[in-house]
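# Structural description and commentary
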Amino acid sequence: MSAQKTTAPRHNPKVVTALRRFAISISVLNIVGYTVLGFEQPWTWPFIALATGYTFEILLELLGARAEGRTPRFLGGGAKGVMEFLLPAHITSLAVNMLTYVNDLVWVMVFGVLVAVGTKWVLRAPVKGRLRHFMNPSNFGIAVILLVFPWASIAPPYHFTEYLDGGFDWLVPAVILTLGTMLNAKLTERMWLILAWVGGFALQAVVRGVLFDTSIPAGLAMMTGVAFVLFTNYMITDPGTTPSSKWGQIAFGGGVAAMYGVLTAMSVAYGIFFATAIVCAVRGAFLWTADIVSKKRAEEALALAAVTHSVAQADAAAEAAKTEAGTSEATAADAAGCACPAGACACPAPATAETETQKIPVTA
């Protein structure tokens, strides 16, 4: 029985640290949210979301490992390995529950968590030789809930500051903004994406105000809310589903802002989640297209190299045959110029233009 193939580490150390910080932050926010801020979902729902996310993530990993003939990623590292493996599911499950409001129908929230975790195994694209998920899991789960269940909504604006007053309602977004900025600057390295997203969001608010006579201050005021700060620092910057290069980040962040402006101008509610899903889908299509083009060019290069090699071999063979034929003809000509039997006479040297003319004296 052959040994199972091993796999490379699931994430590099910096990404693992970022995921750990994300998980701690969202856990603390949920604890404070249910005890102080006024989260409106039942307090048991985060535990239901986590149980659903953990179970589905492990099940899909077992199926994937068996299909690919490798060891499951949560094995071999002890309790720490299992914890690090479950960090993405932890973040996704809590985010879907925290940012959606589905009345008292817990199964709708569970459905969203299943979609969010499952999309990492379905919507994939080749990145540096490996299939990686390109759709932001939490965002996609929320977007699907909003599409499938039109009566559902995202968490209301007062969700994070309902019981805060006296200026403390500014404290929550300030803390989230500070911690999120430090996290993204040092670990995810997505500051160019954040700048493009925030700048693009402000620009689209102004453009919509000029073109459609909407309130520019109202459009800009959304940037001061806790939901916007959370989205900016903890969702759109997902390192697993966003580009790493400077210009790729700028294109992604600016693209989400532009798409949000278009959807809002079309009166599409909750456009921030749909815009992110659309841009992620465009990036996935781009990755697949680039991979197909790259493979096609590689095949063409190999075919051209094979043809060039064949032509070179044919030319070398023809040259060798020509040289051999010339040698054979010279040998045959030399043999035809001397008909004396062997040892009976000596063949004269072949006459050439340079042979001296022998002068014979004549008697007068």
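Data block above holds the structure.
Below or above, wherever it landed, is the structure these notes cover. Note that this is a predicted model, so its numbers are computed, not measured.

The next subject is the overall build of the chain. The helix and strand tally for the chain stands at 11 helices and 4 strands. Evaluated residue by residue, the chain yields a buried proportion of 38% over its 364 residues. A separation of at least 24 residues holds for 75% of the contacts in the chain among residues at least 6 apart in sequence. As displayed, the chain offers around 21,000 Å² of accessible surface, 68% of which is attributable to carbon and sulfur atoms.

Position of A49 among the secondary structure elements: in helix α2 (residues 45-68). A49 sits 45 residues away from L94 along the chain, and the two C-alpha atoms are 6.5 Å apart.

M98, F160 and W197 are the most contacted members of the largest nonpolar core, which has 56 residues in total. The contact partners of W197, leaving out residues within four places of it in the chain, are F228, F231, T232, I236, G253, G254, V256, A257 and I272. With 8 residues, the next largest nonpolar core counts A18, F22, L87 and L183 among its residues.

The next thing to look at is unusual backbone geometry. With a phi close to 60°, N103 is a non-glycine residue in the positive phi region. The backbone of D213 shows a phi angle near 60°, a positive value even though the residue is not glycine. Locating D213 in the fold gives a position in the loop between α7 (191-212) and α8 (216-221).

The side chains of a regular strand alternate between both faces of the sheet. Across 4 bridges, the pairing between strand β2 (residues 124-127) and strand β3 (residues 130-133) is antiparallel. Opposite P126, over in β3, you have L131 as the bridge partner.

Turning next to the packing of helix α1 (residues 13-37) against helix α6 (residues 171-188). Relative orientation of the contacting elements α1 and α6 amounts to 170°, with a least axis distance of 10 Å. The orientation of α1 with respect to α6, classified from their angle, is roughly antiparallel. Mapping the contact onto sequence places K14, T17, A18, R21, F22 and L37 in α1 and V172, L183, N184, K186, L187 and T188 in α6. Across the contact of α1 with α6, the residue classes break down as 6 nonpolar, 3 polar and 3 charged.

Moving on to the packing of aromatic side chains. Scanning all chains against the criterion turns up 14 aromatic pairs. Arranged with centres 5.8 Å apart and planes meeting at 85°, the rings of F111 and F149 form a pair that is edge-to-face. Of the two residues, F111 is situated in helix α4 (residues 106-122) and F149 in the loop between α5 (137-148) and β4 (153-154); the sequence distance between them amounts to 38 residues. Directly above the aromatic system of W192 lies the positively charged group of K246, at a separation of 4.5 Å from the ring centroid.

Calculation criteria
Residues numbered from 1 in each chain as written. Predicted model: local features only at pLDDT ≥ 70, side-chain atom pairs only at ≥ 80, totals over all residues. Heavy atoms only, no water. Helix = DSSP H or I, 4+ residues; strand = E, 2+ residues; numbered from the N terminus. Buried < 20%, exposed > 50% of the residue type's maximum accessible area, 1.4 Å probe, protein only. Contact = heavy atoms within 4.5 Å. Areas by Shrake-Rupley, 256 points an atom, 1.4 Å probe, with all protein chains shown as cover. Core = buried A, V, L, I, M, F, W, Y, C linked by side-chain atoms within 4.5 Å. Pairing = 2+ DSSP bridges. Axes fitted to C-alpha atoms, helices over the stretch in contact; angles between N-to-C directions. Parallel < 35°, antiparallel > 145°, perpendicular 65-115°, else oblique. Nonpolar A, V, L, I, M, F, W, Y, C, P; charged D, E, K, R; others polar. Phe/Tyr/Trp six-rings, centres within 6.5 Å; stacked < 30°, edge-to-face > 60°. Lys NZ or Arg CZ within 6 Å of the ring centre and 35° of its normal.

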